[in-house]
Amino acid sequence: MEQSTFQSNLAPASAERHVPYFLFEFIKSYLYSLHSNTLSHHELVVLRMAGRSSELNSKPQLVFVTDESECPNLRVSNAFVEATVRFRDRQYDISLSRNRETIFTLNLIYVLGTEPLSREPSALIQFLLGESLRSSQFNNSCLRVCDSQSEYSDHDIYVERAAPYADTLSEIYLPESLQHHIRLFMHALQHFDAQRQSLRYLFSGKPGTGKTKIIRAIANACTGNATFIFADGSETNIDGLFEFVDYFSPIVLCIDDIDVMARPR
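The residue count restarts for each chain, going from 1 along the sequence in the order it is written. Two thresholds apply to this predicted model, a pLDDT of at least 70 for residue-level local features and 80 or more for giving and counting side-chain atom pairs, whereas whole-chain, interface and lining totals are computed over all residues. Only hydrogens and water are set aside when side-chain values are computed; all heavy atoms of the structure are taken into account.

1. So, the overall build of the protein chain
Part 1 of the argument: Secondary structure elements follow DSSP: runs of H or I of four or more residues count as helices, runs of E of two or more count as strands, with numbering from the N terminus. The secondary structure content of the protein chain amounts to seven helices and eleven strands.
Part 2 of the argument: Exposure is judged per residue with a 1.4 Å probe applied to protein chains only, and the accessible area is read against the type maximum: over 50% gives exposed, under 20% gives buried, and values in between give partly exposed. Sorting the 265 residues of the protein chain into buried and exposed places 42% on the buried side.
Part 3 of the argument: Residues are treated as being in contact if the distance between any of their heavy atoms lies within 4.5 Å. Considering only intrachain contacts with a sequence separation of at least 6, the fraction spanning at least 24 residues in the protein chain is 64%.

Below is the structure:
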C-alpha cells in the first residue's frame, strides 16, 4: 500500500487555462523565440515546436512566423501550436489551440507532464503568461483597458497600446508641495530595480483640474521605466485587472473614477 501511494504521488499532472487573445499570441511568440534561440531562460527550454492549420487537420506543420515592426518577437501565425519543453528539469507537452464555441472563441493552453515528476503544469502556465508579457511590446509601454470584443468571453481583461502621450509637467501649474510628491514618484519609478519602493496616490478634484493630464505627463517623462495601464473604474473588471497587472514590474495602474469600483456598503 505504501509503495502504491508513493507511485501515485509521482504521476505526471496536467492543467489547462483559457487566456485572452493577445496573451495567446504572446505565448506562441515567446515559445518560438526560445525555440529559435532568440531568447533564453534558465528554467525553460523548448525542445520541439510544430503547428497545425486547423482543429481538424492533425498533420503537423512547420511553425509559420511573420515579422511585425512593433513586435520585439516574431509573430506565430499558426492558430494551433504544439511544443515539447523542459521546465525546471522536467518534460512537458504544451498544446495551444483556438476553438470556437457558440458565440465565443476560446484560446486554450493545455499542459501535460510527460515524466513521473512532471508535477508543475499550472506553474508552467503561470510562467508562460508572465514571461511572454514581459518579453512583449506591452512591457514598459502605455496601455489602456478596452471593452472586450463580442466574439470573446466577457470575463477577461483586454488591453491595447496607447499612443505615446505628449503632455509635459512644464505645461501644468502645480504648487511646490505637489511637485515634491511627483518628483518622489518619478524617482521611485526610475530607480525601482534598486529601491523597490511602491507608492500610491489618490488624485481628487473637479473635472478639468488636470488630474489625468498630470498622470500622462508622468508617463511621458518615465517612458521605458515602467508599464502604465489606464483603466476606467466604471467599466473595468477589478479582479481581472489586478490579476493582469501582477505580471508587470514596475507597473503604474491609473484608474479613472476609482470610486465607482466600490460598491455601496
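Continuing now.
2. Thoughts on the pattern of salt bridges
Part 1 of the argument: A side-chain nitrogen of Lys or Arg and a carboxyl oxygen of Asp or Glu constitute a salt bridge if their distance falls within 4 Å. Inspection of the entire model under this criterion finds 13 salt bridges.
Part 2 of the argument: Here arginine 86 ties to glutamate 115 by a salt bridge, and the two come within 3.1 Å at their closest N and O atoms. Remark: glutamate 115 occurs in the loop between strand S7 (104–113) and helix H3 (121–134) and arginine 86 occurs in strand S5 (residues 80–87); sequence separation between them is 29 residues.
Part 3 of the argument: For arginine 183, the salt bridge identified is with glutamate 176, shortest N-O distance 2.7 Å.
Part 4 of the argument: With a relative accessible area of 44%, arginine 183 lands in the partly exposed category.
Part 5 of the argument: Look at the salt bridges and you will find they share partners, linking Glu25, Lys28, Arg75 and Arg98 into a network.

3. Digging into the nonpolar core
Part 1 of the argument: Side-chain atoms within 4.5 Å link the members of a nonpolar core, which is a set of buried Ala, Val, Leu, Ile, Met, Phe, Trp, Tyr and Cys residues. Counting 45 residues, the largest nonpolar core has Ile94, Leu128 and Phe244 as its most contacted members.
Part 2 of the argument: Ranked by residue count, the leading element in this core is helix H2 (residues 21–35), at nine residues.
Part 3 of the argument: Within the second largest apolar cluster, 20 residues are counted, among which are Ile182, Phe185, Ile215 and Phe228.

4. Section: the state of the cysteines
Part 1 of the argument: Disulfide: a pair of cysteine sulfur atoms within 2.5 Å of each other. On inspection of all chains with the given rule, the structure shows zero disulfides.
Part 2 of the argument: Looking at cysteine 142, it has no disulfide partner, and the nearest cysteine sulfur is the one in cysteine 254, 8.2 Å off.
Part 3 of the argument: Since its relative accessible area comes to 13%, cysteine 142 is described here as buried.
Part 4 of the argument: With no disulfide of its own, cysteine 222 lies 9.9 Å from the sulfur of cysteine 142, the closest cysteine sulfur.

5. A look at H3
Part 1 of the argument: Here the expected length of a helix is defined as 1.5 Å per residue gap, with one fewer gap than residues. Look at H3: 20 Å from first C-alpha to last across 14 residues, which is about the 20 Å you get at 1.5 Å a residue.
Part 2 of the argument: A large share of H3 lies buried, amounting to ten of its 14 residues.
Part 3 of the argument: Listing the buried residues of H3 in full gives Pro121, Leu124, Ile125, Phe127, Leu128, Leu129, Gly130, Glu131, Ser132 and Leu133.

6. Structural notes on the side chain of glutamate 25
Part 1 of the argument: The topology assignment puts glutamate 25 in helix H2.
Part 2 of the argument: By relative accessible area, which is 6% here, glutamate 25 ends up buried.
Part 3 of the argument: A 3.5 Å cut-off defines polar contacts: any pair of N or O atoms within that distance qualifies, except that in protein one atom must be a possible hydrogen donor and the other a possible acceptor, and neighbouring residues in sequence count only when both atoms are side-chain atoms. Engagement of the side chain of glutamate 25 in a polar contact is seen with the side chain of arginine 98, the distance being 2.6 Å.
Part 4 of the argument: With near-sequence residues (within four places) excluded, glutamate 25 lies in contact with Arg75, Val76 and Arg98.

7. Structural notes on the packing of aromatic side chains
Part 1 of the argument: Only Phe, Tyr and Trp rings are paired, with Trp represented by its six-membered ring, and only when their centres lie within 6.5 Å; those with planes under 30 degrees apart are stacked, over 60 edge-to-face, the remainder tilted. Here the structure, examined in full by the defined rule, presents nine aromatic pairs.
Part 2 of the argument: Ring centres 4.9 Å apart and planes at 90 degrees place the aromatic pair phenylalanine 26 and phenylalanine 138 in the edge-to-face group. One end of the pair, phenylalanine 26, is in helix H2; the other, phenylalanine 138, is in the loop between H3 and strand S8 (142–146), and 112 residues separate them in sequence. The pair phenylalanine 26 / phenylalanine 138 is uniform in exposure class, with both members buried.

8. A short note on helix H6 (residues 211–221)
Part 1 of the argument: Three or more residues of H6 are buried, namely Ile214, Ile215, Ala217, Ile218 and Ala219.
Part 2 of the argument: Residues of H6 that are buried sit in contact with S8, helix H4 (176–190), strand S10 (227–232) and strand S11 (251–256).

9. Observations concerning the confidence of the model for the protein chain
Part 1 of the argument: Known as pLDDT, the predictor's confidence for each residue is given on a scale from 0 to 100. Counting all residues, the mean pLDDT for the protein chain is 83, and 85% of those residues have values of 70 or more.
Part 2 of the argument: For the protein chain, the element scoring lowest by mean pLDDT is helix H1 (residues 2–9), at 48; S5 scores highest, at 96.
Part 3 of the argument: Confidence drops under a pLDDT of 50 for residues 150–155, and excluding neighbours within four residues, the segment shows 18 contacts in the predicted structure.

10. Quick word on the side chain of glutamate 131
Part 1 of the argument: Secondary-structure assignment places glutamate 131 in helix H3.
Part 2 of the argument: Classification of glutamate 131 by relative accessible area gives buried; the value is 18%.
Part 3 of the argument: In terms of polar contacts, glutamate 131 uses its side chain to reach the side chain of arginine 134, at 3.1 Å.
Part 4 of the argument: Leaving out residues up to four positions away in the same chain, glutamate 131 has contacts with Tyr30 and His41.

11. Some words on the sheet that holds S10
Part 1 of the argument: Here, a strand pair is defined by DSSP locating no fewer than two bridges between the strands. Read from one edge of the open sheet, four strands run S9-S8-S10-S11, paired in mixed fashion. Each edge of the open sheet carries a strand with a single partner, namely strand S9 (158–161) and S11. Ignoring which end each strand starts from, the neighbouring axes of this sheet average 25 degrees apart.
Part 2 of the argument: Pairing geometry for S10 and S11, over six bridges, is parallel. Throughout, an axis means a line fitted to C-alpha atoms (over the contacting stretch in the case of helices), and angles, computed between N-to-C directions, take values from 0 to 180 degrees.

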